[in-house]
Amino acid sequence: MKSKLIAIVGVVVAVVVVAVVAILVGGLAVGGDDNGTAGKKAVRSGGPTTVDTTDSDPGTTTDPEDPAFKAALSKPVEDSLYPNVGDPIVDSLHYGLDLTWDPEDKVLTGRAEVAFRATASQQEFQLDFGEGLEVTAATLDAQEVEVTHVGKDLVIKAPVTKDQRYLLVVDYEGTPEPADAPTTRSDFSTTGFTITDDGDVWTMQEPYGAYTWYPVNDQPSDKAFYDFTITTPAPRVGIANGQLTSQTEVDGNSVSRWHLDSAASSYLITLAIGEYEQTEDTSASGVPLTYWTAPGDARALKAMKYTKRAVDWLEEKLGPYPFSSLGSVVVDSESAMETQQMITYGDSDYTLSPDVVVHEIAHQWYGDITSPSDWKDVWINEGMAMYVQGVFEAQQTGRTVDDVMDEWATWEKQYRATAGPPGNYDPRTFGESNIYYGPALMWHELRKKLGDEKFWAMVRAWPTVHKQGNPTREEYLDWIEQETGEELTDFFDAWLMGEKTPKRS
Ligand SMILES: [Zn+2]
């Protein structure tokens, strides 16, 4: 997400909160293609250092036994901050989401094909699923299965055996209701499926809220592949993560198929439905870029075109772009979210600024290719995205990074005091500025300690260590100590867990 924004006007310092951008995930299962080639992208010609993630792409298969799902094998955990969301018994591998949106009656009709592995033997298991939606049929491995749906808990009354794989199919319909967000931020108060006055749809769902529109294990440690089929009356079209594999018009409806060829956490899934114009672009290194903006919206398109320069700039800092493609879609939100391979931007001047574009794309390395296992570690995402944004801002404004950090330090004290230490925040204050600025200052201190060469080598290496995985805080910090040869326990403790801002050098 984007952070809160700060503006200095004359001698009066005005603190403006920049909103964190949320991620949306959309998914539809499209069975069929027996070897999965439909969704595969050509390997781009990005040079020898390009990270090739297409080798693990399972295509559009829904067969839970398909060995190509290996990148989606996860170690699901119960979240330490939001334990009521997610079920560690479920390790989802693939969501095939076939969604039909009626913008007149505001009804979503869906079929979710969920391929998953059971992580333990149990008499029943559950997924998260919004109260606004009603299950009309459910099968497990093609056998009808009883479900109960109380609150957002969809309980499937069937025994599962540890390490066995299953295909759950859920048919449903209803009007999705957004979820209350556990936050005090000013730029969003709900997450998930959001319907505009015109009947358009967008979704941002960090830290959870994917369950408002499909049955899902809605906790970040469980990554899965996705396919989406979105049907809606033309000229509206559906946008989701990954790449558009086909778009047709049938009986006045547009049918858009999307394939995500990397495993993603549910908070990184996006769905947008509305009238859109598609613009193709390519980064200098060959990453295919696509921008989805409202027809004739020159302002949004101009902002999205900054993506190309931002990717080029970020590849110099962070290494080769970690996925096979990058898209962006502009929606009627006040925030922006680093949804995987399809970033979702609100349409305000701030969310369409180069700073936010750089920030959200930086998350593809820090947040998306590797993601937190537990929400207590969202600082891993936001700290580095914010630091990289600070380096970019310094360059854009002709200041030194030290100057930018000095400025941020004047705010950080207050953020830490009100929302708590970045590594130990109050779960009711998700996404406050404390998880952004403190960790960004921490990285700058570490950079000064290590020197530029060692620091940036570490920053570039980390996203390649656990590709499509969910390393823990401990794994990350241990790795940094090993990589740098420094003893940093006290340093990290002070910055991440301290009630007060540590002394800066
Ligand atoms: Zn962010």
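Report follows, based on the coordinates. What you see is a predicted model, and the numbers here were worked out from it, not measured in a lab.

Before going further, it helps to examine the overall build of the protein chain. A tally of helices and strands in the protein chain yields 8 helices and 23 strands. Pairs at least 24 residues apart make up 71% of the contacts formed inside the protein chain by residues separated by at least 6 positions. In the form shown here, the protein chain has an accessible surface area of approximately 18400 Å², with 48% of it arising from carbon and sulfur atoms.

Note on the zinc ion: its protein donors are Met1 (O), His359 (NE2), His363 (NE2), Glu382 (OE) and Glu382 (OE). The metal-donor distances range over 1.8 to 2.8 Å. Donor residues for the zinc ion, ordered by position in the chain, follow M-x357-H-x3-H-x18-E. Placement of Met1 in the segment before strand S1 (7-9) and of His359 in helix H2 (residues 354-368) is noted, with a sequence separation of 358 residues between them.

So, on to helix H3 (residues 378-397). Over its 20 residues, H3 runs 28 Å from end to end, which matches the ideal 28 Å to within 8%, given 1.5 Å per residue. Among the 20 residues that make up H3, 17 are buried, leaving the element largely enclosed by the rest of the structure. Looking one or two places after H3, you find Gly398, whose phi comes out positive at around 70°.

As a further point, take the environment of Ser254. Looking at the element boundaries, Ser254 is found in strand S17 (residues 253-264). As a C-alpha pair, Ser254 and Thr232 span 22 residues in sequence and 5.6 Å in three-dimensional space. Beyond its immediate sequence surroundings of up to four residues, Ser254 is in contact with Ile230, Thr231, Thr232, Pro233, Ala234, Arg236, Val237, Thr248 and Glu249. Engagement of the side chain of Ser254 in a polar contact is seen with the backbone oxygen of Arg236, the distance being 2.6 Å.

Moving on, we come to the sheet that holds strand S20 (residues 288-293). Taken in spatial order, the 5 strands make up an open sheet running S19-S20-S21-S23-S22, and their pairing is mixed. Because the sheet does not close on itself, it has two edges, and the strands there are strand S19 (277-282) and strand S22 (336-337). One ladder, built from 5 bridges, connects strand S21 (residues 326-331) with strand S23 (residues 342-346); its direction is parallel. Note on S23: the bridge partner recorded for Ser328 is Ile343. Across the sheet, helix H1 (residues 298-318) is in contact with S19, S20, S21 and S23; its angle to S20 comes to roughly 165°. Most of the contacts of H2 go to S23, to which it runs at about 150°, and overall it touches S21, S22 and S23.

So, on to the packing of helix H4 (residues 401-419) against helix H5 (residues 434-450). Direction vectors running N to C along H4 and H5 enclose 135°, while the axes themselves pass 8 Å from each other. Of the possible angle classes, the one that applies to H4 and H5 is oblique. As for how H4 packs across H5, the hand of that crossing is left-handed. In this structure, H4 uses Val401, Asp402, Met405, Trp408, Ala409, Trp411, Glu412, Tyr415, Arg416 and Ala419 to contact H5, whose residues at the interface are Asn434, Tyr437, Gly438, Ala440, Leu441, His444, Arg447 and Lys448. Residues that form the contact of H4 with H5 fall into these classes: 10 nonpolar, 3 polar and 5 charged.

Sheets are built from strands that pair by backbone hydrogen bonding, the pairs being arranged parallel or antiparallel. Strands sit in the order S7-S6-S10-S4-S3-S14-S17-S16 across an open sheet of 8 strands; the sheet is mixed. Each end of this open sheet is capped by a strand with a single partner; those strands are strand S7 (143-144) and strand S16 (243-250). Inspection of the sheet shows strand S6 (residues 133-140) paired to S7 by 2 bridges, in the antiparallel sense. The partner of Thr139 across the bridge, within S7, is Glu144.

On the surface, a cluster of negative charge is contributed by Asp197, Asp198, Asp332, Glu334 and Asp347. With respect to the helices and strands, Asp198 occurs in the loop between strand S12 (190-195) and strand S13 (201-204). Asp198 sits in the exposed class, given a relative accessible area of 59%.

About the thresholds
- Residues numbered from 1 in each chain as written.
- Predicted model: local features only at pLDDT ≥ 70, side-chain atom pairs only at ≥ 80, totals over all residues.
- Heavy atoms only, no water.
- Helix = DSSP H or I, 4+ residues; strand = E, 2+ residues; numbered from the N terminus.
- Contact = heavy atoms within 4.5 Å.
- Areas by Shrake-Rupley, 256 points an atom, 1.4 Å probe, with all protein chains shown as cover.
- Donors = N, O, S within 2.8 Å, 3.2 Å for Na, K, Ca; no water.
- Expected span 1.5 Å × (residues − 1).
- Buried < 20%, exposed > 50% of the residue type's maximum accessible area, 1.4 Å probe, protein only.
- Polar contact = N/O pair within 3.5 Å; in protein donor to acceptor, adjacent residues only side chain to side chain.
- Pairing = 2+ DSSP bridges.
- Axes fitted to C-alpha atoms, helices over the stretch in contact; angles between N-to-C directions.
- Parallel < 35°, antiparallel > 145°, perpendicular 65-115°, else oblique.
- Left-handed = near helix turned anticlockwise from the far one by under 90°.
- Nonpolar A, V, L, I, M, F, W, Y, C, P; charged D, E, K, R; others polar.
- Patch = residues over 30% accessible without salt bridge, like charges linked within 9 Å, V, L, I, M, F, W, Y side chains within 5 Å.
- Salt bridge = Lys/Arg side-chain N within 4 Å of Asp/Glu carboxyl O.
- Lys, Arg positive; Asp, Glu negative; His and termini not counted.
- Charge placed at Lys NZ, Arg CZ, Asp CG, Glu CD.

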